[in-house]
Amino acid sequence: MDRIIAALHRSVAVAVACGVLAACAVPPRPELPPLRSEAPLAGLALADHGDWPAAQWWRQYADRQLDDLETRALANSPSLDEAQRRLQTLIAAVDSARATAGLAAQGNLELQRQRLSENGLIPPRFLGFTWYNQADLNLQFKYDFDLFGKTRAAVAGAIDQARAGEAERSAASLALTAAVADVYFGWQVDQAHLALARDSEQALERLRTLVTLRVARGIDVADSIHQSQARLAAARELRVAWAGSAQLRLAALAALLGVAPAELPTLQPHALPPIDAHLPADVGLDLIARRPDIAAARWRVEAAMRQVDRARAQFYPDIGIAGLVGLQSLDLDKLLNLDSRLLGVGPALHLPLFARGQLKAAYGVSQAQLDAAAAQYDAVVVSAANDVATQALALTQAQARRSEREAQLATAGELHTLATARARQGLVDERAVLAAQVELLQQRDALLALDAQSVAAQVALTKALGGGYRSDAPAGAPSHSTPTDRVLPR
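Given the structure is predicted, the values throughout are model-derived calculations rather than measurements.

Calculation criteria
- Residues numbered from 1 in each chain as written.
- Predicted model: local features only at pLDDT ≥ 70, side-chain atom pairs only at ≥ 80, totals over all residues.
- Heavy atoms only, no water.
- Helix = DSSP H or I, 4+ residues; strand = E, 2+ residues; numbered from the N terminus.
- Polar contact = N/O pair within 3.5 Å; in protein donor to acceptor, adjacent residues only side chain to side chain.
- Contact = heavy atoms within 4.5 Å.
- Buried < 20%, exposed > 50% of the residue type's maximum accessible area, 1.4 Å probe, protein only.
- Core = buried A, V, L, I, M, F, W, Y, C linked by side-chain atoms within 4.5 Å.
- Patch = residues over 30% accessible without salt bridge, like charges linked within 9 Å, V, L, I, M, F, W, Y side chains within 5 Å.
- Areas by Shrake-Rupley, 256 points an atom, 1.4 Å probe, with all protein chains shown as cover.
- Salt bridge = Lys/Arg side-chain N within 4 Å of Asp/Glu carboxyl O.
- Phe/Tyr/Trp six-rings, centres within 6.5 Å; stacked < 30°, edge-to-face > 60°.

### Remarks on the side chain of Asp445
(1) Moving on: If you trace the backbone, Asp445 turns up in helix H10 (residues 430–464).
(2) Moving on: Of note is the side chain of Asp445, whose polar atom sits 2.5 Å from the side chain of His193.
(3) Moving on: Contact partners of Asp445, with chain neighbours within four places excluded, come to His193 and Leu196.

Put into structure tokens, the structure is as follows:
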């Protein structure tokens, strides 16, 4: 036993010496490209005393129908199922990477009956037998010390990829809930447009009737009938268009929920919710931690850095211990005897002496992947900032236009009131009242369109702000510590 221990000591000393020599050829650790720590939103002229979205941000609208749709979507959506399967694949990759670390053991049982050749190295006549049996029952094991962090880097990279997959699933969930809200409010808008179109159609039908009577009595020319019929046909076409749009939105809603249109719950139309156009005060700084797509990109940078560590560790030798414990016998009856035992143990050493070109190529690929991941991260941050700015400005502009449209609507309402009063006094006929009513309905329809833009922009802004997501990704640049310095979660 003392000789075995001494041999092990000598082998470890040789391995360490080889590792020191190999380290002289190891390329230096690369510098990580600088990463953005703040979204470029400075100078955005918007109110900044709003709150960040809550996790279930759609509940702010106090709409039970929307709450039910969101619950169904999160439970049954095919898009979330796909994201969940991707995440499970990445988690399995973590388990696979961990399985390669530490102690590996393998049990073997082999029974063999063999005939010796008469013309072989040892003819059977010298042994006294032609056939013989051999049984082997053993346990082989190997322990990799992973002194240079190759396996730990692989495990850490797999964990970071899994974290990126988890953030991507959150991004898919956010995209789904935002799409459901957008389609649902779009359906509500279509129903409101449809109601206004029906009122306009009724008013224009009454107006056509009056024009037809006046033409029949010779008061107006026949062209008036054609004009009234054209306006009525346009109103009917608009009604059909809004009805068709509502049906398309229900089909889209069913697809988001993963059900047939007939399986959708019955929806009731109601007024659109009030809108808030404010942004959080710390939006430029905290947006990076609030967007799941940014978090996913950040974890990919971490994973790429771990891949660089792994590629760099390939230049060092692998050092471990391999052993064998078992039983072996040419006679099956003696297999379990104590004299049939066998034991072997010794150091395992792998030196990459003639693979430097391949290692340098793999290391260069890992560096390029790291640079690409860093560039992708910065691109995602800039895109997220642009998304926030675009939706916030769209919401602000829609609300600014709404105030002007409200003034036009008030004027149209006053004209309708005056026309009604004059008709009661006999100063004008019903045509003036109907014309004022149609104009009033058109102004209401235009105001509704602006409200629809505001709701859609607010939903999009909520999505752009992360929809209540909160990342645990590193805030600064990835650590330049070696993999042995990282504490890996289990």
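Past the structure itself, the notes keep going.
### A closer look at unusual backbone geometry
(1) Moving on: Of note, Ala62 is a non-glycine position whose phi angle comes to about 50°, a positive value.
(2) Moving on: For Ala62, the location among the structural elements is in the loop between helix H1 (2–23) and helix H2 (64–76).
(3) Moving on: Exposure remark for Ala62: the relative accessible area of 69% places this residue in the exposed category.

### A look at the nonpolar core
(1) Moving on: Formed by 36 residues in total, the largest nonpolar core has its most connected members in Leu41, Leu287, Val388 and Leu465.
(2) Moving on: When residues of this core are traced back to their parent elements, those giving at least two are helix H7 (283–290), helix H8 (292–313), helix H9 (356–425) and H10.
(3) Moving on: Ranked by the residues each element gives to this core, the list is headed by H9, at 13 residues.
(4) Moving on: Beyond its immediate chain neighbours, meaning those up to four positions away, Leu465 contacts Trp52, Pro53, Leu279, Pro280, Val283, Leu287, Arg290 and Val388.
(5) Moving on: Leu66, Tyr184, Leu264 and Val459 belong to the second-largest nonpolar core, a separate cluster that totals 23 residues.

### Topic: a nonpolar patch on the surface
(1) Moving on: Taken together, the side chains of Leu121, Ile122, Phe126, Leu127 and Phe129 define a hydrophobic patch exposed on the protein surface, amounting to about 570 Å² of accessible area.
(2) Moving on: Its place among the elements puts Phe126 in helix H4 (residues 124–127).
(3) Moving on: Of the residues examined, Phe126 reaches a relative accessible area of 61% and is grouped as exposed.

### Here's the deal with the packing of aromatic side chains
(1) Moving on: Scanning the entire structure with this criterion turns up three aromatic pairs.
(2) Moving on: Consider the rings of Trp57 and Trp58, whose centres lie 5.7 Å apart with planes at 80°: the pair is edge-to-face. Comparing Trp57 with Trp58 shows no difference in burial state: the two are buried.
(3) Moving on: The interplanar angle of 55° and the centroid separation of 5.5 Å between the aromatic rings of Tyr184 and Phe185 together place this pair among those described as tilted. As far as the burial class goes, Tyr184 and Phe185 line up, both buried.
(4) Moving on: Through a chain of ring-to-ring contacts, the aromatic side chains of Tyr61, Tyr184 and Phe185 assemble into a single cluster.

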